[in-house]
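A look at the structure
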Amino acid sequence: MDKVVRHLNWYYYGMMFITLIAMSAMYYVWKNQLYTPIDRTSTLGMVVQYFVIFDALITIPLGLYLIKWRKPTTLEAYQPLAVARILLVSNSMPLGIIAYFLLADEKGCYMSMFWVAAIAAIGWYFTKPTLSKVDKEMTPQDPNLPTY
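Residues numbered from 1 in each chain as written. Predicted model: local features only at pLDDT ≥ 70, side-chain atom pairs only at ≥ 80, totals over all residues. Heavy atoms only, no water.

1. Examining the overall build of the protein chain
Scanning the protein chain for helices and strands turns up 6 helices and 0 strands. Secondary structure of the protein chain in N-to-C order comes out as α-α-α-α-α-α. Taken over the C-alpha atoms alone, the protein chain extends approximately 55 × 30 × 20 Å along its principal axes. Long-range contacts, defined here as pairs at least 24 residues apart, represent 77% of the contacts in the protein chain between residues at least 6 apart. Surface summary for the protein chain: the accessible area is close to 9,600 Å², and the carbon and sulfur share equals 68%. (Helix = DSSP H or I, 4+ residues; strand = E, 2+ residues; numbered from the N terminus. Contact = heavy atoms within 4.5 Å. Areas by Shrake-Rupley, 256 points an atom, 1.4 Å probe, with all protein chains shown as cover.)

2. Considerations on the side chain of Asn9
Inspection of the secondary structure puts Asn9 in helix 1 (residues 2–31). Contact partners of Asn9, with chain neighbours within four places excluded, come to Gly14, Lys128 and Pro129.

3. Some words on the environment of Leu34
By the element assignment, Leu34 lies in the loop between helix 1 and helix 2 (43–70). Filtering out sequence-adjacent residues up to four positions away, Leu34 remains in contact with Tyr28 and Val29.

4. What to know about the nonpolar core
In terms of nonpolar packing, the biggest core is built from 35 residues, with Leu8, Tyr78, Phe101, Leu103 and Met113 touching the most fellow members. Of all the elements in the fold, those that place two or more residues in this core are helix 1, helix 2, helix 3 (75–90), helix 4 (92–102), helix 5 (111–125) and helix 6 (131–138). Once residues within four sequence positions are removed from consideration, Leu8 is found in contact with Tyr78, Gln79, Ala82, Val83, Ile86 and Pro129. (Core = buried A, V, L, I, M, F, W, Y, C linked by side-chain atoms within 4.5 Å. Buried < 20%, exposed > 50% of the residue type's maximum accessible area, 1.4 Å probe, protein only.)

5. A look at helix 5
One turn of an α-helix holds 3.6 residues; hence residues three or four places apart share an orientation. Relative to the 21 Å expected for 15 residues at 1.5 Å per residue, helix 5 spans 21 Å between its end C-alpha atoms, a close match to the ideal helical length. Taken together, the buried positions of helix 5 are occupied by Met113, Val116, Ala117, Ala120, Gly123 and Trp124. Buried residues of helix 5 fall within an arc of 115° about the axis and therefore sit on the same side. When the buried face of helix 5 is taken as reference, the exposed residues oriented beyond 90 degrees from it are Trp115, Ile119, Ile122 and Tyr125. On its buried side, helix 5 packs onto helix 1, helix 2, helix 3 and helix 4. (Expected span 1.5 Å × (residues − 1). Arc of directions from axis to C-beta.)

6. A look at unusual backbone geometry
At Gln33, a position not held by glycine, the phi torsion is positive, near 50°. The class of Gln33 is exposed, set by a relative accessible area of 67%. Despite not being glycine, Lys71 has its phi angle at roughly 50°, a positive value. Structurally, Lys71 is set in the loop between helix 2 and helix 3.

7. Structural notes on the side chain of Asp55
Examined against the element boundaries, Asp55 turns out to sit in helix 2. A distance of 3.5 Å separates the side chain of Asp55 from the side chain of Asn91, its partner in a polar contact. (Polar contact = N/O pair within 3.5 Å; in protein donor to acceptor, adjacent residues only side chain to side chain.)

8. Observations regarding the pattern of salt bridges
Within this structure, the stated rule accounts for 2 salt bridges. Between Asp105 and Arg40 there is a salt bridge whose closest N-O contact spans 3.2 Å. Highlighted residues: Asp105 in the loop between helix 4 and helix 5 and Arg40 in the loop between helix 1 and helix 2, separated in sequence by 65 residues. Classification of Asp105 as partly exposed rests on a relative accessible area of 29%. With a closest N to O distance of 2.8 Å, Glu137 and Arg85 form a salt bridge. (Salt bridge = Lys/Arg side-chain N within 4 Å of Asp/Glu carboxyl O.)

Structural measurements only, silent on function.
Put into structure tokens, the structure is as follows:
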């Protein structure tokens, strides 16, 4: 089980690394004015906003519920589901950061996209692989027990 957790940690921290790279690159490009920001009220600006928001609305709940929905019984079945959960929940972090800088105007960057990235980061935190989490998710649940 330790090997599975170590493998999952590569994906977990890899998504944070990708987000930090996206943030650093976009900040550099934005600060040095190497691109023309997209107008938020234009059709392209609205499409970017809708894409990031709908991505977060669909993938975060889907990723967080994936393992409960599929109920893996072996580590071989659990590992790809846990990887998918990490990737689904955290993919909105870099997308939100990129949109945050892409939709900048003279007043600054677009804070709504930052909040989408922050919500994804909160969900990402709940996907952290630990031994106790893997053990708990792999333990069969008794359907006759009440849940409150």
